[in-house]
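Understanding the architecture of this molecule
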Protein chains: 2
Amino acid sequence: MSTENEKVAIIGGTGPQGKGLALRLAMAGTQVILGSRDAAKAQQVAQTLTAQLAERGVQAEITGLSMEAATQAADSMVILSVPYSAHDATLDALKPLLAGKILVDIVVPLAPGNPKAVEMPAAGSVTEHAQIVLGESIPVVGALHNVSAITLNDLSRPINCDILVCGNDLASKKSVIGLIESMGTKAYNAGLAESARCIEAITPILIRLNISKDVPFSHAGIAICPPEH
Amino acid sequence: MSTENEKVAIIGGTGPQGKGLALRLAMAGTQVILGSRDAAKAQQVAQTLTAQLAERGVQAEITGLSMEAATQAADSMVILSVPYSAHDATLDALKPLLAGKILVDIVVPLAPGNPKAVEMPAAGSVTEHAQIVLGESIPVVGALHNVSAITLNDLSRPINCDILVCGNDLASKKSVIGLIESMGTKAYNAGLAESARCIEAITPILIRLNISKDVPFSHAGIAICPPEH
């Protein structure tokens, strides 16, 4: 599936994860709309990212708007990339604007003060919680939990890891997988939304490895290994 | 750490996962004791595996005993590799024999009739449940959940994936990591026992990929990817 010229919103797009995603998606030809509570800040960051890509010879289309306007401007996919503490309030605010669109939830419920642990919501995972909040008519796809902001922002390297994608609506997952793979990485359909209980919880394990002295690297990701590996 | 000549028990060692582990560990110089409810079957399987390795020119030390005798014969590590349905009864039976030893729990709580899902015990994961059953004096280490039996048994290839190891006792985890790495794969300390909620749940996602037509391979594993990947 081509995602060229697709308009995708990134809510929380002025944070490190959102900025990295914006850069990678814009490089792949996607029109990116950063959404922030502070529209002026979103606009400013959009200009900075556009200039950063121009320096690399990439003609990018990144703009900045309020969260609400960004959501409305998206063609079919709205990526939610806010801190977990802002997740529910953001979802409540955007719900009336999401009809006919896919919410791509990339939020990880890291425990307050302890990024080496998760505190899962009662629904089992953030993805499942978001699906309950939005109701079945707005498909939620969980994705991009395990790729570090530093990896996304380091444009000198390809994305080093695979992406696990989950959700209850297969067509929506396929759209999101297409968008992710346009960034040059491999994405896998990892099953129903309940798989997010596992996928979201991989992140604190990676953070643990990244800050541990046991491993000679940081910004670890995960990959699916075929036997040929 | 050298695990050469270490005597390690594999309870449920006559199943596919147990046999594959026995082969890999024996190739690395570990003395393997298969434990089964049926000691005669354990002995028979041990002979078959020993012969299989002899054909490859490997002088292996694999023996077979009852579950109880195998547990008692182990130096310091007892690997529990039974179907989930037999997990709790086996643990109860072996508990009095495990003093001074590490239980390496590799059991995944696959949902009955649906290997694409897990049904976690109330404790959060099998590893945490086992730690509660055995009490804090017997350390439980969760490991080897995500490597397929087919991968382990295919001695023509190295193990294609990394191993995530978790548990509440660091020294025990280090011993288990040493044992696993003797098989030529990389093992990571993935944190406390509660990380097993994630690690055990990776297995059904891999099973899903393996039986899906979306991927061009089966027997998938996972790997930790540094940026250099």
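Residues numbered from 1 in each chain as written. Chains lettered and ligands numbered in written order. Predicted model: local features only at pLDDT ≥ 70, side-chain atom pairs only at ≥ 80, totals over all residues. Heavy atoms only, no water.

1. Points about the relation of the copies chain A and chain B
- For the match of chain A to chain B, the screw axis carries a shift of 0.0 Å, the RMSD comes to 0.0 Å, and the turn is 180°. Classification of the inter-copy transformation places it as that of a two-fold axis.
- In this assembly the copies share their binding face: 100% of the residues contributing to the interface of chain A also contribute to that of chain B. (Least-squares fit on C-alpha atoms with pLDDT ≥ 70 in both. Contact = heavy atoms within 4.5 Å.)

2. With respect to the UniProt feature "domain: Pyrroline-5-carboxylate reductase catalytic N-terminal" (unreviewed entry) in chain A
- Following the UniProt record, one finds the feature "domain: Pyrroline-5-carboxylate reductase catalytic N-terminal" (unreviewed entry) at residues 7-109 of chain A.
- Along residues 7-109 of chain A the backbone is 43% helical and 23% strand, and the end-to-end C-alpha distance reaches 27 Å. (UniProt positions renumbered as here; feature names shortened; annotations may be inferred. Helix = DSSP H or I, 4+ residues; strand = E, 2+ residues; numbered from the N terminus.)

3. Observations regarding empty space enclosed by the protein
Residue and element names in this part refer to chain A.
- Summed over all chains, the structure comprises one cavity of 30 Å³ or more.
- Space inside the largest cavity adds up to approximately 40 Å³.
- If you go around the largest cavity, the residues you meet are Leu 144, His 145, Asn 146, Val 147, Asp 162, Ile 163, Leu 164 and Ile 199.
- A per-class count over the lining of the largest cavity returns five nonpolar, two polar and one charged. (1 Å grid on protein atoms, 1.4 Å probe; cavity = no way out; pocket = protein on both sides within 12 Å on 5 of 7 lines; lining within 4 Å. Points joined across faces, edges and corners; volume = space filled by probe spheres on them. Nonpolar A, V, L, I, M, F, W, Y, C, P; charged D, E, K, R; others polar.)

4. Observations concerning the pattern of salt bridges
Residues and elements named next belong to chain A.
- By the definition in use, this model includes six salt bridges over all chains.
- Across the pair Arg 197 and Glu 128 runs a salt bridge, and its minimum N-O distance is 2.7 Å. Of this pair, Arg 197 sits in helix H8 (residues 196-211) while Glu 128 sits in helix H5 (residues 126-134), and the two are 69 residues apart along the sequence.
- Exposure remark for Glu 128: the relative accessible area of 11% places this residue in the buried category. (Salt bridge = Lys/Arg side-chain N within 4 Å of Asp/Glu carboxyl O. Buried < 20%, exposed > 50% of the residue type's maximum accessible area, 1.4 Å probe, protein only.)

5. Things to note about the packing of helix H4 (residues 87-94) of chain A against H5(A)
Residue and element names in this part refer to chain A.
- Where H4 meets H5, the closest approach of the two axes is 10 Å, and the angle between their N-to-C directions is 30°. Of the possible angle classes, the one that applies to H4 and H5 is roughly parallel. Both H4 and H5 take part in a crossing whose hand is right-handed. Every residue of H5 that contacts H4 at His 87, Asp 88, Leu 91 and Asp 92 is listed here: Val 126, His 129, Ala 130, Val 133 and Leu 134.
- Class assignment for the residues of the contact of H4 with H5 results in five nonpolar, two polar and two charged. (Axes fitted to C-alpha atoms, helices over the stretch in contact; angles between N-to-C directions. Parallel < 35°, antiparallel > 145°, perpendicular 65-115°, else oblique. Left-handed = near helix turned anticlockwise from the far one by under 90°.)

6. Thoughts on H5(A)
Residue and element names in this part refer to chain A.
- Every buried residue of H5 is listed here: Val 126, Thr 127, Glu 128, Ala 130, Gln 131 and Leu 134.
- Looking at the packing, one finds that the buried side of H5 touches H4, strand S5 (102-105), strand S8 (140-142), strand S9 (163-167) and H8.
- Just beyond H5, the residue with positive phi is Gly 135, at close to 80°.

7. Brief notes about the environment of B:Pro139
All names here are of chain B.
- Position of Pro 139 relative to the elements: it lies in the loop between helix H5 (126-134) and strand S8 (140-142).
- When its relative accessible area of 16% is taken as the criterion, Pro 139 is described as buried.
- Distance in space between the C-alpha atoms of Pro 139 and Asp 169 is 6.3 Å, their sequence separation being 30 residues.
- Ignoring anything within four residues of it in the chain, the contact list for Pro 139 reads Lys 101, Ile 102, Leu 103, Gln 131, Asp 169 and Ser 172.

8. Digging into the interface of chain A and chain B
- Between chain A and chain B, the residue contacts involve 33 residues of the former and 33 residues of the latter.
- The interface formed by chain A and chain B contains zero salt bridges.
- Across the chain A-chain B interface, the total number found is seven residue pairs in polar contact (both at pLDDT 80 or more).
- For the side of chain A that touches chain B, the secondary-structure elements that each account for two or more residues are strand S10 (187-189), H8 and strand S11 (221-225) of chain A.
- Of the residues forming the side of chain A that touches chain B, the biggest block, eight residues, is contributed by H8(A).
- For the side of chain A that touches chain B, a count of residues per class yields 20 nonpolar, eight polar and five charged.
- Sheet analysis places S11(A) next to strand S11 (residues 221-225) of chain B, joined by five bridges and oriented antiparallel. Counterpart to A:Cys225 in the pairing with S11(B) is B:Gly221. (Polar contact = N/O pair within 3.5 Å; in protein donor to acceptor, adjacent residues only side chain to side chain. Pairing = 2+ DSSP bridges.)

9. A look at the sheet that holds strand S1 (residues 7-11) of chain B
Residues and elements named next belong to chain B.
- A sheet is described by the order of its strands in space; here eight strands give the open sequence S3-S2-S1-S4-S5-S8-S9-S10, paired in mixed fashion. Strands at the two margins of the open sheet, each flanked by one partner only, are strand S3 (62-66) and strand S10 (187-189). Recorded for the sheet is a direction-independent mean angle of 25° between the axes of neighbouring strands.
- With four bridges connecting them, S1 and strand S4 (residues 77-80) associate as parallel partners. Within S4, the position partnered with Ala 9 by the bridge is Val 78.

10. Concerning the pairing of S11(A)
- In terms of residue burial, S11(A) counts as a mostly covered element, since five of its five residues are buried.
- On S11(A), burial covers both faces: A:Gly221, A:Ala223 and A:Cys225 on one face and A:Ile222 and A:Ile224 on the other are all buried.

11. Re the sheet that holds strand S4 (residues 77-80) of chain A
Residues and elements named next belong to chain A.
- In spatial order, the strands read S3-S2-S1-S4-S5-S8-S9-S10; together these eight strands make up an open sheet with mixed pairing. Two strands in the sheet have a free side with no partner beyond their single neighbour: strand S3 (62-66) and S10. Along the sheet, successive strands turn relative to each other by an average axial angle of 25°, direction set aside.

12. Re the confidence of the model for chain A
- For chain A, per-residue confidence averages 94 on the pLDDT scale, and residues scoring 70 or more make up 97% of the total.
- Across the interface, the model reports ipTM at 0.92; the global pTM reads 0.94. (pLDDT = per-residue confidence, 0-100.)

13. A short note on the pairing of S4(B)
- By the alternation rule, side chains of S4(B) split into B:Met77 and B:Ile79 and B:Val78 and B:Leu80, which are all buried.
- Each parallel crossover has a hand, and the one from S4(B) via helix H4 (residues 87-94) of chain B to strand S5 (residues 102-105) of chain B is right-handed. (Right-handed = clockwise from strand over helix to strand, strands pointing away.)

14. Re unusual backbone geometry
All names here are of chain A.
- In this model, Leu 144 sits at a positive phi of 65°, which is unusual for a non-glycine residue.
- The residue Leu 144 is located in the loop between S8 and helix H6 (149-153) in this model.
- Note on Leu 144: relative accessible area 4%, which makes it buried.

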